[in-house]
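# Report on the structure
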Amino acid sequence: MQCPYCQTLLQATASECPACRLTYPRTVSLVGAMPRLTPFVADLARLLQPGDHAKLIRRITTLEEKFPELVLQVVVHAFPDEHPFSMHAFWMFNAGNFAGDSCRGKLNRSILLAIDPKRAEAAIIPGYGLEPFLPTETLNHLLELASPEWEKQQWTAGILRVLDGLEQLLDLFALPDESEKKVVGEY
């Protein structure tokens, strides 16, 4: 885990960054109030067409049905330039509380895909319950795969590419549903 402001390596239990002293409350004081987000897809930059918005919601709903503990949120927003994008993504993930109050720490299995079209930056932030299974390098690779679409302003195609990649990753470690388990000796 790295500090979202100065990129110093952090211990998971660190209450603040030892280098720049950033904490979540300090981030809130720097960034301010959370914008109002719509569930599943919040297009604050107004780049998605209504049909694309509905297509993304259907795709996210399908993923959440397949992985019932997953909460997925996509945010397209032009963040202010005065702070690093990684700090804005960290703040939005924590302020958004997408998994809810009862799913904190290892129970937090939410994922935020944050896209800033103005900065041409994106981030995938997994909750603590998913971090061990979704390495930063792998998530960054998913963003790289989507970047050609985003460079051509094809926002929905890039988001769908990321969601498809996330599904493949989640399939790798998901436990089979009870109905999919076979009883030994049963054909």
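Note that this is a predicted model, so its numbers are computed, not measured. (Residues numbered from 1 in each chain as written. Predicted model: local features only at pLDDT ≥ 70, side-chain atom pairs only at ≥ 80, totals over all residues. Heavy atoms only, no water.)

Read across the sheet, 4 strands follow the order β1-β2-β3-β4 without closing on themselves; strand pairing throughout is mixed. Looking along the sheet, the strands with just one partner apiece sit at the ends: β1 (41-43) and β4 (121-126). Adjacent strand axes in the sheet meet at a mean angle of 10° when their direction is disregarded. One ladder, built from 6 bridges, connects strand β2 (residues 71-76) with strand β3 (residues 110-116); its direction is parallel. From the neighbouring strand, V75 faces β3, where its bridge partner is A114. Contacts between helix α2 (residues 50-66) and the sheet are confined to β1 and β2, with β2 contributing the most and set at about 155° to the helix. (Pairing = 2+ DSSP bridges. Helix = DSSP H or I, 4+ residues; strand = E, 2+ residues; numbered from the N terminus. Axes fitted to C-alpha atoms, helices over the stretch in contact; angles between N-to-C directions. Contact = heavy atoms within 4.5 Å.)

So, about the nonpolar core. In terms of nonpolar packing, the biggest core is built from 29 residues, with L113, I124, W150, I159 and L163 touching the most fellow members. Secondary-structure elements contributing two or more residues to this core are α2, β2, β3, α4 (136-151) and α5 (155-173). Considering every element that reaches this core, the biggest residue donor is α5, with 8 residues. Filtering out sequence-adjacent residues up to four positions away, L163 remains in contact with L56, R59, I60, L63 and L72. Core analysis: the next-biggest nonpolar cluster, separate from the first, contains 13 residues, F85, A89, W91 and L112 among them. (Core = buried A, V, L, I, M, F, W, Y, C linked by side-chain atoms within 4.5 Å. Buried < 20%, exposed > 50% of the residue type's maximum accessible area, 1.4 Å probe, protein only.)

Another point: unusual backbone geometry. Note: most residues except glycine have negative phi, and most peptide bonds are trans. Positive phi, normally seen in glycine, also occurs at A120, with a value near 60°. Following the sequence through the fold, A120 ends up in the loop between β3 and β4. Taking the relative accessible area as the measure of exposure, A120 reaches 68% and is therefore exposed. Its identity as a non-glycine residue notwithstanding, Q153 has a phi of 65°, on the positive side. Here Q153 is to be found in the loop between α4 and α5.

Bear in mind that shape data such as this cannot, by itself, settle questions of function.
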